[in-house]
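Survey of secondary and tertiary structure
Listed here are the chains, written in short residue letters.
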Amino acid sequence: GKIFGLKQLPKNGEVLIITKSCKDVLVLRALGFWAICPFGESSYIHLLAILPDLISRFNKVFIMYDPDKTGMEYSKLITSKFEGALINITIPEDLEKDPTDNVKAGKTEQFLTFLNAQINSESN
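The structure reproduced in this document is the subject of the present report. Treat the numbers as computed from the prediction; the structure is a model and nothing was measured.

**What about the pattern of salt bridges?**
Applying the stated criterion across every chain, the model contains six salt bridges. Here Lys 69 makes a salt bridge to Glu 73, at a shortest N to O gap of 4.0 Å. Of the two residues, Lys 69 and Glu 73 are both situated in helix α3 (residues 69–81); the distance of four residues between them amounts to about one turn of the helix. Lys 69 gets classed as exposed once you look at its relative accessible area, which sits at 64%. Classification of Glu 73 as partly exposed rests on a relative accessible area of 47%.

**Brief notes about the packing of helix α2 (residues 43–57) against α3**
Contact geometry of α2 with α3 gives a least axis separation of 11 Å together with a crossing angle of 30 degrees. Considered as vectors, α2 and α3 are oriented roughly parallel to each other. Considering how the two elements wind past one another, α2 and α3 form a crossing that is right-handed. Taken together, the residues of α3 that come into contact with α2 (itself represented by Tyr 44, Leu 47, Leu 48 and Leu 51) are Tyr 74, Leu 77, Ile 78 and Lys 81. Considered class by class, the residues forming the contact of α2 with α3 number seven nonpolar, no polar and one charged.

**Describing the sheet that holds strand β2 (residues 13–18)**
Taken together, five strands build an open sheet; the order of strands is β1-β3-β2-β4-β5 and the sheet is mixed. Since the sheet does not close on itself, it has two edges, and those belong to β1 (3–4) and β5 (87–88), each with one partner. Two strands pair when backbone bridges link them, and β1 and strand β3 (residues 34–38) are joined in this way by two bridges, in the antiparallel orientation. Along β3, the bridge assignment pairs Phe 4 with Cys 37. Its contacts with the sheet place α2 against β1, β2, β3 and β4 (58–63), and it is angled at close to 150 degrees to β4.

Each value, and the rule that gives it
Residues numbered from 1 in each chain as written. Predicted model: local features only at pLDDT ≥ 70, side-chain atom pairs only at ≥ 80, totals over all residues. Heavy atoms only, no water. Salt bridge = Lys/Arg side-chain N within 4 Å of Asp/Glu carboxyl O. Helix = DSSP H or I, 4+ residues; strand = E, 2+ residues; numbered from the N terminus. Buried < 20%, exposed > 50% of the residue type's maximum accessible area, 1.4 Å probe, protein only. Axes fitted to C-alpha atoms, helices over the stretch in contact; angles between N-to-C directions. Parallel < 35°, antiparallel > 145°, perpendicular 65-115°, else oblique. Left-handed = near helix turned anticlockwise from the far one by under 90°. Contact = heavy atoms within 4.5 Å. Nonpolar A, V, L, I, M, F, W, Y, C, P; charged D, E, K, R; others polar. Pairing = 2+ DSSP bridges.

Set out below in structure tokens:
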């Protein structure tokens, strides 16, 4: 119960995106991506504990937190602990700050184009 979306994940998969909000997990799932998010600050430790398993189950694992100071700090901290196995995605300024806001703003196609380009440019 500390990671939203964890129980719904398949045994193995191509892409997993770790985000910071439950609403973003739901939007990403609706767009066809597997996604999870930790519940609150204390779940950070739980996320670190399960990441080795997730990295072994998915071909590519990404972290996509909001591009604000806190989001960037946490995503860099987490990716630094799994160097090369976990890839940070930073949403650019011409898009909204998270998946949900992009859908709400009518930028779903632009967001998907950006996200697919990020996913396809990484080779793990």
